[in-house]
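Per-entry structural report
In case you want the letters, here they are:
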Amino acid sequence: MNKPEDIKTKRDVVDHLLSHRSRHPVRENVNASAPANIALCKYWGKRNTELNLPVTDSLSLALGHLGSNISLSMGHKNDSVVLNDRELKPTDPFRVRTLDFLNLFRENQDEFHVVAQNTIPTAAGFASSASGFAALVFALDQLYQWDLDQRSLSILARLGSGSACRSVFEGLVIWHAGTSDDGMDSYAEPLGQQWPELRIGLIILSEEQKYIGSRAAMLRTVETSPLYQAWPDTVERDINEIQDAIADTNFSKVGRIAERNALTMHATMMASDPPIMYWLPDSLRTIKRVWNARDEGLDVFFTMDAGPNVKLLYEAHEQKHVLEYFPELVTTDG
Ligand code: PMV
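Summarised in this report is the structure supplied together with it. Source: prediction; values computed, not measured.

1. Some thoughts on the pairing of strand 1 (residues 29–41)
For strand 1, the buried fraction is high: 10 of the 13 residues fall into the buried class. As judged from the 11 bridges shared by strand 1 and strand 4 (residues 58–76), these two strands associate in the antiparallel manner. In the strand pairing of strand 4, P35 is matched with G67.

Shown next, in the form of structure tokens:
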């Protein structure tokens, strides 16, 4: 087992968590799945870019059965990655990221065959990397029969993509930023409160690749935005208040906090140099429509991530009315 000060790379984390566990696959073929998640209080900015350690806590809602299914097998002649029924070229970024991640775990010459299927409509423009890496970690745990605890699974998923550590769980989830350099205290866990009425729907405005990925955008924000110094305190306040609102099942309060948290994140990145502006004119139009609907009495709020699409927050019993205002809404409750 490594001493905390010796844990500096992803590989060190893997060696530490797996310690004496086998690196020889026990099973030939496994299947696993994990839900996508949308943050109500966002993760934006890392304190350690190698280990994906965040500056702040974050809090999310899982999207139930919408996410990724992964089938993983070994013993093939070459590595191969199939995404949504299409075999990916060696240079494809999804393939490169997936194999880089799997390389952290393999010690022999066995080749991986990965078949990934996103159950989120691909057209919906949801980021599926969180559910993808969480499902991969579940699959590896089965393939090697490690029987890791949930905290370790969450830490391993974080190495693939930060927000993936939250996709290890269903429902409302909090990711503790932690303070240690080795990141062993930076993991997600369920809030422990069920709120099946809480819904997230999608307004798809563009399906284009984001013009700057979240990794580069976070780095630029932390390094150049004069507003970033206010972000940690903002998130701390929002996370405290949203947890109280969740405990009270006070939907309007949850929505208000989620909305202002997303707007503060976007304002902070817009103040970067060069600026980071994910919005399209239609994003702002949609925001205004949400506010108009609210003025007319509909309890609906929005959140946005690293892209121009808008996600609506509402309670299940309002879905019919939300669809009247937003007929283009893609619902995520199946
Ligand atoms: O985990 P990443 O690197 O894909 O970053 C996620 C960033 C946001 O989606 C904007 C916020 C969040 O907490 O999910």
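2. Topic: helix 6 (residues 231–247)
Look at helix 6: 24 Å from first C-alpha to last across 17 residues, which is about the 24 Å you get at 1.5 Å a residue. For helix 6, the complete set of buried residues consists of W231, T234, V235, D238, I239, I242, A245 and I246. Here the buried residues of helix 6 occupy an arc of 130 degrees about the axis, which is enough to place them on one side. Facing away from the buried side of helix 6 by more than 90 degrees, the exposed set consists of D233 and E236.

3. Here we look at the packing of helix 2 (residues 93–103) against helix 3 (residues 129–143)
At their nearest, the axes of helix 2 and helix 3 sit 12 Å apart, and the two run at 35 degrees to each other. Regarding helix 2 and helix 3, the two cross each other, and that crossing is right-handed. In contact with R97, T98, F101 and L102 of helix 2, helix 3 contributes S129, F133, L136, V137 and L140. Here the residues of the contact of helix 2 with helix 3 are counted per class, giving six nonpolar, two polar and one charged.

4. A few points about the site of the ligand
Neighbouring the ligand are 13 residues; Y43, S161, S163, R166 and S214 lie closest to it. Note that an oxygen atom of the ligand is positioned 3.3 Å from one of the side-chain N or O atoms of S161. In the complex, the protein chains occlude 89% of the 380 Å² of accessible area that the ligand would expose alone. A per-class count over the shell around the ligand returns six nonpolar, four polar and three charged. Taken domain by domain, the shell around the ligand gets at least three of its residues from each of domain 1 (4–190) and domain 2 (198–325).

Conventions and cut-offs
Residues numbered from 1 in each chain as written. Predicted model: local features only at pLDDT ≥ 70, side-chain atom pairs only at ≥ 80, totals over all residues. Heavy atoms only, no water. Buried < 20%, exposed > 50% of the residue type's maximum accessible area, 1.4 Å probe, protein only. Helix = DSSP H or I, 4+ residues; strand = E, 2+ residues; numbered from the N terminus. Pairing = 2+ DSSP bridges. Expected span 1.5 Å × (residues − 1). Arc of directions from axis to C-beta. Axes fitted to C-alpha atoms, helices over the stretch in contact; angles between N-to-C directions. Left-handed = near helix turned anticlockwise from the far one by under 90°. Contact = heavy atoms within 4.5 Å. Nonpolar A, V, L, I, M, F, W, Y, C, P; charged D, E, K, R; others polar. Near = heavy atom within 4 Å. Polar contact = N/O pair within 3.5 Å; in protein donor to acceptor, adjacent residues only side chain to side chain. Areas by Shrake-Rupley, 256 points an atom, 1.4 Å probe, with all protein chains shown as cover. Domains from an automatic or database assignment.

None of the figures reported here should be taken as evidence of function without further support.
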